[in-house]
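# A look at the structure
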Number of protein chains: 2
Amino acid sequence: MDIVSENRSFGGRQQVFRHPSNTCGCEMTFGAYLPPQAEDRPVPVLWYLSGLTCTHENAMTKGGLQEHAARHGLAVIFPDTSPRGEGVADDDAYDLGQGAGFYVNATRDPWKPHFRMYDYILSELRALVLDHLPVTDRHGITGHSMGGHGAMTLALRNADLFDSLSAFAPIANPTQSDWGRKQLSAYLGDDETAWHAHDSTILLEEHGWKDELLIDQGASDQFLDLLRPEALAATMARRRQPGILRLQPGYDHSYFFVNSFAGDHVAWHAARLT
Amino acid sequence: MDIVSENRSFGGRQQVFRHPSNTCGCEMTFGAYLPPQAEDRPVPVLWYLSGLTCTHENAMTKGGLQEHAARHGLAVIFPDTSPRGEGVADDDAYDLGQGAGFYVNATRDPWKPHFRMYDYILSELRALVLDHLPVTDRHGITGHSMGGHGAMTLALRNADLFDSLSAFAPIANPTQSDWGRKQLSAYLGDDETAWHAHDSTILLEEHGWKDELLIDQGASDQFLDLLRPEALAATMARRRQPGILRLQPGYDHSYFFVNSFAGDHVAWHAARLT
């Protein structure tokens, strides 16, 4: 694991690492924020999964998480959103291929050899983080848009690995949305039953979540029809899932939305992880 | 003045405007953050001038100022760093021409027709802001790197227009630095006496500042030799200028440095403006 950059940030360290990934069959890059508390003792981890077109860097520079992570003593991990590089399949569309891994293990060509973000995050990167960074095994997960989908699907299927879960404007019901059907069919094939394991609304119906959920959604989000928060809300209500889904008036889908509520989410996770 | 974009941010509004500029002879773009308090009453203004290569957008997305401006009830104005567009002179170097206006009125060709950022900020944009946005005439100014230089030189020469002054890693003594001599000779010609009006250290020696100054400087800044904080510090000490110059251990020149101390600067200005 090579260090690409390190910047002092709110008394802690914003680091970027690159490493060869066996899971993805390419070099992968991720960001890690270590709060000042990590100088003295291992700290809990908040995973932040990013959305379509993002690399590890967008949320690291625009999400405004570090200030709150420093106050609460959480590390934050910023994974990339897909495998990348020459020899890795891609598509001209912004919402398929590189930058759009959707946190699944692809089973269809040309994506199958590299697009294994589900295993990458849960196994390979998690192990790297636990081995190399001063962190504990108390982990929370959040994310934005496609990354909110990733956070919810990974946590709902692996409740033993995560102690807290929240999301910003998640793609909440991708089996019923153009942000989902296109990618799930490309990566997993046309048998829609294989898609169910990657749909937060279906997974919440099936598994529930062991604790409260926190979901923030901009009420003026330009992609509201693609995100389908109403499907998730209906399932939360039907299943009597503890949690809060906040429709924030006037907010859109941008990082101005994410960083406006980053403090609430970091505090929410810190209350459960520390 | 046309609105280019508006995003809800920390309960307020992050707006971007474009307008024809008589001063610069081209279209100019700037960002304006209006805090929630501006819905009810005019609010004081903090000007944030950006550094080399930046547009109006960099600090707006990475500077982390909005959260604090919302708490304290300040508007923040993010001007561009130069005139831009076809027909506007430019240079291949990152540190001359478009993106590198240095907040002067150029007197030499090819820069003279458009590069008039000193007048643009102080007169044209100030008037636009006062006319069109819900703001008072209590104004503070800050900036980063070339923008720190801009903030200090504009305020030191126009103490009647600004009620508070701070800077992040300013180019503090450009007449003695490769970040300065090159640009001042290009924009103003070889007579170095014309440069003195654009050197914070010289201006502070001459005028002082009517209140305390706040200067933050990363002690691990990769450009420390070009910024010359030691010249400014020597003048502050010699002149017994009230103020604080903080050398922040471990911090570099990046926005990770700026946003780590954005809260301190916004609070500093708010204490003087509200």
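The numbering scheme is per chain: residues are counted from 1 as the chain's sequence reads. Chains carry letters from A onward and ligands carry numbers from 1 onward, assigned in written order. Only residues with pLDDT of 70 or above have their local features reported here, since the model is predicted, and side-chain atom pairs are shown and tallied only from 80 upward, although totals for entire chains, interfaces and linings are computed over all residues. Only hydrogens and water are set aside when side-chain values are computed; all heavy atoms of the structure are taken into account.

The subject of this paragraph is the pattern of salt bridges. A carboxyl oxygen of Asp or Glu within 4 Å of a side-chain nitrogen of Lys or Arg is what we treat as a salt bridge. Following the criterion strictly, the structure yields 26 salt bridges over all chains and no others. Where glutamate 205 of chain A meets arginine 238 of chain A, a salt bridge forms, and the shortest distance between an N and an O atom there is 2.9 Å. In this pair, glutamate 205 of chain A is assigned in helix H6 (residues 200-207) and arginine 238 of chain A in helix H8 (residues 229-239), connecting sequence segments 33 residues apart. The class for glutamate 205 of chain A is partly exposed, based on a relative accessible area of 35%. A 1.4 Å probe rolled over the protein chains alone gives each residue an accessible area, and that area as a share of the maximum for its type sets the label: buried under 20%, exposed over 50%, partly exposed in between. Residue arginine 238 of chain A is classed as exposed on the basis of its relative accessible area of 56%. Arginine 228 of chain B is the salt-bridge partner of glutamate 230 of chain B, the closest N and O atoms lying 3.7 Å from each other. Given the relative accessible area of 23%, arginine 228 of chain B is considered partly exposed. Several salt bridges converge on common partners, so that one network encompasses Glu6, Arg13 and Glu39 of chain A. Secondary structure follows DSSP: runs of H or I at least 4 residues long count as helices, runs of E at least 2 residues long count as strands, and numbering of each begins at the N terminus.

Residue and element names in this part refer to chain A. UniProt positions are given in the numbering used here, feature names are shortened, and annotations may be inferred rather than shown by experiment. When the UniProt feature table is mapped onto this chain numbering, "active site" (unreviewed entry) sits at Ser145, Asp221 and His253. What stands out for the annotated residues spanning 109 residues is how close their C-alpha atoms remain, the widest pair being 10.8 Å apart. For the second largest pocket, the lining residues drawn from the annotated set are Ser145 and His253. Structurally, aspartate 221 is set in the loop between strand E8 (213-218) and helix H7 (224-227). Note on contacts: a residue pair qualifies if any of its non-hydrogen atoms lie within 4.5 Å across the two residues. Once you skip the residues sitting within four places of it in the chain, aspartate 221 turns out to touch Ala169, Leu227, Tyr251, Asp252 and His253. Only 3.1 Å separates the side chain of aspartate 221 from the side chain of glutamine 217, close enough to count as a polar contact. By secondary structure assignment, the location of histidine 253 is in the loop between strand E9 (243-248) and helix H9 (255-273). Excluding residues within four positions of it along the chain, histidine 253 makes contact with His144, Ser145, Ala169, Trp179, Asp221, Gln222, Phe223 and Leu227. Grid points spaced at 1 Å and placed over the protein atoms alone form the basis of the search, with a cavity being a set where a 1.4 Å probe fits but cannot get out and a pocket an open set showing protein on both sides within 12 Å along at least five of seven lines. Lining residues have an atom within 4 Å of a point. The definition of a polar contact used here is a pair of N or O atoms within 3.5 Å, where within protein one atom must be able to donate a hydrogen and the other to accept one, and adjacent residues in sequence count solely through side-chain atom pairs.

Next up on the list: the nonpolar core. Generally speaking, a soluble globular protein has its nonpolar side chains buried in company with each other. Residues Trp47, Tyr48, Ile77, Ile141, Leu165 and Tyr187 of chain B are the most contacted members of the largest nonpolar core, which totals 88 residues. Residues within four places of tyrosine 48 of chain B in sequence aside, it is in contact with Ala59, Leu65, Val76, Ile77, Phe78, Pro79, Thr142, Gly143, His144, Phe168, Tyr255 and Val258 of chain B. Grouping buried Ala, Val, Leu, Ile, Met, Phe, Trp, Tyr and Cys residues that are joined through side-chain atoms within 4.5 Å yields what is termed a nonpolar core. Counting residues in hydrophobic clusters, the runner-up holds 87 residues, among them Ala89, Leu96, Val104 and Phe168 of chain A.

Right, let's get into the sheet that holds strand E2 (residues 12-21) of chain A. Residue and element names in this part refer to chain A. If DSSP finds at least two bridges between two strands, the strands pair. If you walk across this open sheet you meet the nine strands as E1-E2-E3-E5-E4-E6-E7-E8-E9, and the pairing is mixed. Bordering the open sheet on either side are strand E1 (2-9) and E9, each of which pairs with just one other strand. Averaged over all neighbouring strand pairs, the angle between strand axes comes to 20 degrees, with direction disregarded. Note that E2 and strand E3 (residues 26-34) share nine bridges and pair antiparallel. When the bridges of E3 are listed, valine 16 appears paired with glycine 31. Only the stretch in contact is used when fitting a helix axis, every axis being a line fitted to C-alpha atoms; angles between N-to-C directions are given from 0 to 180 degrees. In the packing of H8 onto the sheet, contacts are made with E8 and E9, and the angle to E9 comes to roughly 150 degrees.

It is worth spelling out the interface of chain A and chain B at this point. If you look at the interface, chain A gives 22 residues, while chain B gives 22 residues. As used here, buried area is the combined drop in accessible area, with a 1.4 Å probe, of two parts when they are placed together. A buried area of about 1,700 Å², summed over both sides, lies between chain A and chain B, and 54% of it is on carbon and sulfur atoms. On the chain A side of the contact with chain B, Arg8, Phe10 and Phe256 of chain A bury the most area, a combined 37% of that side's loss. There are zero salt bridges connecting chain A and chain B. Across the chain A-chain B interface, the total number found is eight residue pairs in polar contact (both at pLDDT 80 or more). Residue assignment for the side of chain A that touches chain B shows that the elements contributing at least two residues are E1, helix H1 (57-62), helix H2 (66-72) and H9 of chain A. Polar here means any residue other than Ala, Val, Leu, Ile, Met, Phe, Trp, Tyr, Cys and Pro, which are nonpolar, and Asp, Glu, Lys and Arg, which are charged; Gly is therefore polar. Of the residues in the side of chain A that touches chain B, the class split is six nonpolar, eleven polar and five charged.

Structural alignment of chain A on chain B gives an RMSD of 0.0 Å, achieved by rotating through 180 degrees and translating 0.0 Å along the axis. The two molecules are tied by a two-fold rotation axis, judged by turn and shift. For chain A, the minimum C-alpha distance to the rotation axis belongs to lysine 62 of chain A and amounts to 2.6 Å. A least-squares superposition brings the copies together, and it is based on the C-alpha atoms of residues with pLDDT no lower than 70 in both.

Attention now goes to empty space enclosed by the protein. Grid points are joined across faces, edges and corners, and a volume is the space filled by probe spheres set on the points. Inspection of every chain in the model, using the stated rule, returns one cavity of 30 Å³ or more. The space that makes up the largest cavity amounts to roughly 170 Å³. Elements that contribute at least two residues to the lining of the largest cavity include exactly H1 and H2 of chain A together with helix H1 (57-62) and helix H2 (66-72) of chain B. Per-element tally for the lining of the largest cavity: the top contributor is H2 of chain B, with three residues. Partitioning the lining of the largest cavity into residue classes produces two nonpolar, ten polar and four charged.

Attention now goes to the packing of aromatic side chains. To pair, rings of Phe, Tyr and Trp, with the six-membered ring standing in for Trp, must have centres within 6.5 Å; the planes then decide the type, stacked if under 30 degrees apart, edge-to-face if over 60, and tilted in the middle. One pass over the full model with this rule turns up 22 aromatic pairs over all chains. On the basis of an interplanar angle of 80 degrees and a centroid distance of 5.1 Å, the ring pair of tryptophan 111 of chain B and phenylalanine 115 of chain B is categorised as edge-to-face. Summarising the burial analysis for this pair, tryptophan 111 of chain B and phenylalanine 115 of chain B share the class buried. By way of ring pairs, the aromatic residues Tyr48, Phe78, Phe168, Tyr251, Phe257 and Phe261 of chain A are connected into one cluster. For arginine 272 of chain B, the ring lying beneath its charged end belongs to tryptophan 268 of chain B, and the centroid distance is 3.7 Å. By the criterion adopted, a ring carries a charge over it if an Arg CZ or a Lys NZ lies within 6 Å of its centre and within 35 degrees of its normal.

So, on to the packing of helix H4 (residues 146-157) of chain B against helix H6 (residues 200-207) of chain B. Helix-helix packing is described using two parameters, namely the angle between the two axes and the distance between the axes. Residue and element names in this part refer to chain B. Two elements in contact, H4 and H6, have axes separated by 9 Å at closest approach and are oriented at 25 degrees. Here H4 is positioned roughly parallel relative to H6, judged by the angle of their axes. Here the hand of the crossing between H4 and H6 comes out left-handed. Judged by residue contacts, His149, Met152, Thr153, Leu156 and Arg157 of H4 engage Ser200, Leu203, Leu204 and His207 from H6. Of the residues belonging to the contact of H4 with H6, the class tally is four nonpolar, four polar and one charged. The cut-offs work like this: below 35 degrees is roughly parallel, past 145 is roughly antiparallel, 65 to 115 is roughly perpendicular, and the gaps in between are oblique. For a crossing to be left-handed, the near helix must be turned anticlockwise from the far one by less than a right angle; the clockwise case is right-handed.

What follows concerns the pairing of E8 of chain A. Residues and elements named next belong to chain A. Buried residues dominate E8, accounting for six of its six residues. Here E8 shows two buried faces, one formed by Leu213, Ile215 and Gln217 and the other by Leu214, Asp216 and Gly218. Where strand E7 (residues 164-168) lies against E8, three bridges are found, and the strand directions are parallel. Bridging from a neighbouring strand, alanine 167 pairs with isoleucine 215 of E8.

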